[in-house]
Amino acid sequence: MAKTVKTIGVLTSGGDAPGMNAAIRAVVRAAIAKGMKVKGIMRGYAGLLQEEIIDMESTSVSDTINRGGTILYTARCTEFTTEEGQKQGAEICRKHGIDGIVVIGGDGSFRGAGKLSALGVNTIGVPGTIDLDIACTDYTIGFDTAVNTAMDAIDKVRDTSTSHERCSIIEVMGRHAGYIALWCGIANGAEDILLPERYDGNEQMLINRIIENRKRGKKHNIIINAEGIGHSASMARRIEAATGIETRATILGHMQRGGTPTCKDRVYATIMGAKAVELLASGRSNRVMAYKNGNYVDFDIQEALAMTKDIPEDQYDISKMMSR
């Protein structure tokens with residue numbers, strides 16, 4: 001018989017992402033609508049181990065859907081990667097009457113969720129990361145806001161780069177994945193996009209293209225560099241020395257994690273949060289919510305973590321075609 005869940009905990013873990021508050025709000029209100037109690041766990045797994053747990057009502061999440069960041073805060077927690085820490089977390093859940101948890105975060109957060117599930121706490125993961133690097137889902141909460149933030153910033157850098165006839169290397173986030181770089185490269189009309197999944201380190205090819213573009217009359221050269229490659233400042237110095245063209249590096253950094261979430265992030269987060277509650281209400285555990293082929297579906301956590309994904313080859317080919 002499915003385990004009856006009466007009290008749901010909700011936490012955000014790992015890097016923050018715009019739309020996390022919309023997901024929290026959905027969990028709280030969907031759970032209350034089903035007659036469940038809700039407890040907010042502050043600062044992710046670290047807050048769980050410290051018993052930073054609060055009661056949440058419908059009004060606790062009023063006027064939060066439009067806010068960036070996470071009202072529950074977030075933190076890394078190495079202690080929760082240990083068996084001792086995981087057992088302690090499960091015991092604290094039982095102590096506070098929490099028999100189901102919604103974990104909003106990335107793949108590291110889902111590993112912790114899987115451990116809690118194995119220890120008897122029904123657990124559902126909701127993908128919240130700007131990196132779009134969770135293989136089981138076509139969409140992760142925060143990605144749309146992050147790429148729009150980066151796109152707007154790159155447009156502004158392009159203006160000044162053109163005025164000074166510079167080469168600009170603009171580094172975007174994404175950890176080890178190149179999705180933000182790819183999308184911004186296409187949306188901003190970059191001359192080159194450096195992706196961890198594709199870049200072979202051939203800097204001379206970059207230099208040759210910059211020189212050729214200048215001969216063709218281009219007044220600027222925009223290179224989008226993914227965080228997984230990095231070293232933008234030293235790359236800029238080498239390119240300037242080799243080409244004689246003034247070259248600047250701009251690292252957009254954590255501004256991409258902040259700001260008001262887009263409509264897409266608010267809607268996807270709300271639906272995923274509500275569906276996570278539905279899974280817990282039906283007694284399900286050890287699942288990850290996902291958006292796949294136009295549908296909201298769920299996967300076993302271990303199955304999801306074992307999946308891999310790569311940059312779509314057709315999108316990468318189109319990006320190269322457009323940069324000519």
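Since this is a predicted model, take the numbers as computed values, not measurements.

Draft legend 1. Highlighting the nonpolar core. Counting residues in hydrophobic clusters, the biggest one holds 61 residues, and the most contacted among them are I8, M56, V102 and I224. In terms of residues, this core owes the most to one element, helix α1 (residues 20-33), which gives 8 residues. Here I8 is in contact with V27, A31, M36, K37, V38, K39, I98, G100, V102, V277 and L280, once residues within four sequence places are set aside.

Draft legend 2. Examining the sheet that holds strand β6 (residues 167-172) more closely. Read from one edge of the open sheet, 4 strands run β7-β8-β6-β9, paired in parallel fashion. Bordering the open sheet on either side are β7 (192-194) and β9 (247-251), each of which pairs with just one other strand. The sheet shows a mean angle of 20° between the axes of neighbouring strands, direction not considered. Where β6 lies against strand β8 (residues 221-226), 6 bridges are found, and the strand directions are parallel. From the neighbouring strand, V172 faces β8, where its bridge partner is A226. Together, β6, β7 and β8 form the strand contacts of helix α6 (residues 179-187), whose direction differs from that of β7 by roughly 175°.

Draft legend 3. The state of the cysteines, seen in detail. Taken as a whole and assessed by the stated rule, the structure comprises 0 disulfides. With no disulfide of its own, C77 lies 13 Å from the sulfur of C93, the closest cysteine sulfur. A relative accessible area of 18% places C77 in the buried class. C184 supplies the cysteine sulfur nearest to C263, a cysteine that is in no disulfide, at a spacing of 19 Å.

Draft legend 4. Representation of the sheet that holds strand β11 (residues 295-300) within the structure. Strand order in this open sheet of 7 strands is β3-β2-β1-β4-β5-β10-β11, and the pairing throughout is mixed. Looking at strand neighbours, the two that pair on one side only are β3 (53-56) and β11, the edges of this open sheet. Strand-to-strand twist of the sheet, defined as the mean angle between neighbouring strand axes without regard to direction, takes the value 25°. Looking at chain direction, strand β2 (residues 37-41) and β3 are connected through 4 bridges and run antiparallel. When the bridges of β3 are listed, V38 appears paired with M56.

Draft legend 5. Just empty space enclosed by the protein, in detail. According to the stated counting rule, one finds 1 cavity of 30 Å³ or more in the structure shown. Size it by volume and the largest cavity reaches roughly 40 Å³. What lines the largest cavity is simply R166, C167, I210, N213, R214, K218, H220, N221 and I245. In terms of residue count, the dominant contributor to the lining of the largest cavity is helix α7 (residues 203-215) (3 residues). Broken down by class, the residue content of the lining of the largest cavity amounts to 3 nonpolar, 3 polar and 3 charged.

Draft legend 6. Quick look at the layout of surface pockets. Each pocket or cavity is described by its volume, and for the largest pocket that value is around 580 Å³. The wall of the largest pocket is formed by 29 residues, among which G14, R76, D107, G108 and S109 lie closest to the centre. Considering each element in turn, the lining of the largest pocket owes the most residues, 6 residues, to helix α4 (residues 107-118). Grouping the constituent residues of the lining of the largest pocket by class yields 6 nonpolar, 13 polar and 10 charged. Put simply, the second largest pocket is a space of about 380 Å³. Around the second largest pocket sit 18 residues that line it, and D192, I193, R209, Y316 and K320 are the ones nearest its centre. Counting only elements with at least two residues in the lining of the second largest pocket, the list comes to β7, α7 and α11 (313-322). Taken together, the residues of the lining of the second largest pocket break down into 8 nonpolar, 3 polar and 7 charged.

Procedures and definitions
The residue count restarts for each chain, going from 1 along the sequence in the order it is written. Side-chain atom pairs in this predicted model are given and counted only at pLDDT of 80 or more, local residue features only at pLDDT of at least 70, and totals for whole chains, interfaces and linings cover all residues. The side-chain values count all of the structure's non-hydrogen atoms but skip hydrogen atoms and water molecules. Throughout, nonpolar core names a set of buried Ala, Val, Leu, Ile, Met, Phe, Trp, Tyr and Cys residues whose side chains join them through atoms within 4.5 Å. Partly exposed describes any residue whose relative accessible area lies between the buried limit of under 20% and the exposed limit of over 50%, with all areas from a 1.4 Å probe on protein chains only and scaled to the type maximum. Only DSSP runs of H or I with at least four residues qualify as helices, and only runs of E with at least two residues qualify as strands; both kinds are numbered from the N terminus onward. We call two residues in contact whenever any of their non-hydrogen atoms come within 4.5 Å of each other. Following DSSP output, two strands are said to pair if at least two bridges run between them. For helices, the fitted axis covers only the stretch in contact; all axes are lines through C-alpha atoms, and the angles between them, taken along N-to-C directions, range from 0 to 180 degrees. The disulfide criterion used throughout: a pair of cysteine sulfur atoms within 2.5 Å. In this analysis, the protein atoms alone were mapped onto a 1 Å grid. Cavities are point sets where a 1.4 Å probe fits without being able to get out; pockets are open sets with protein on both sides within 12 Å along at least five of seven lines; lining residues have an atom within 4 Å of a point. Grid points are joined across faces, edges and corners, and a volume is the space filled by probe spheres set on the points. Ten residues, namely Ala, Val, Leu, Ile, Met, Phe, Trp, Tyr, Cys and Pro, are considered nonpolar, four, namely Asp, Glu, Lys and Arg, are considered charged, and the remaining ones, Gly among them, are considered polar.

The values are spatial; any link to function lies outside them.
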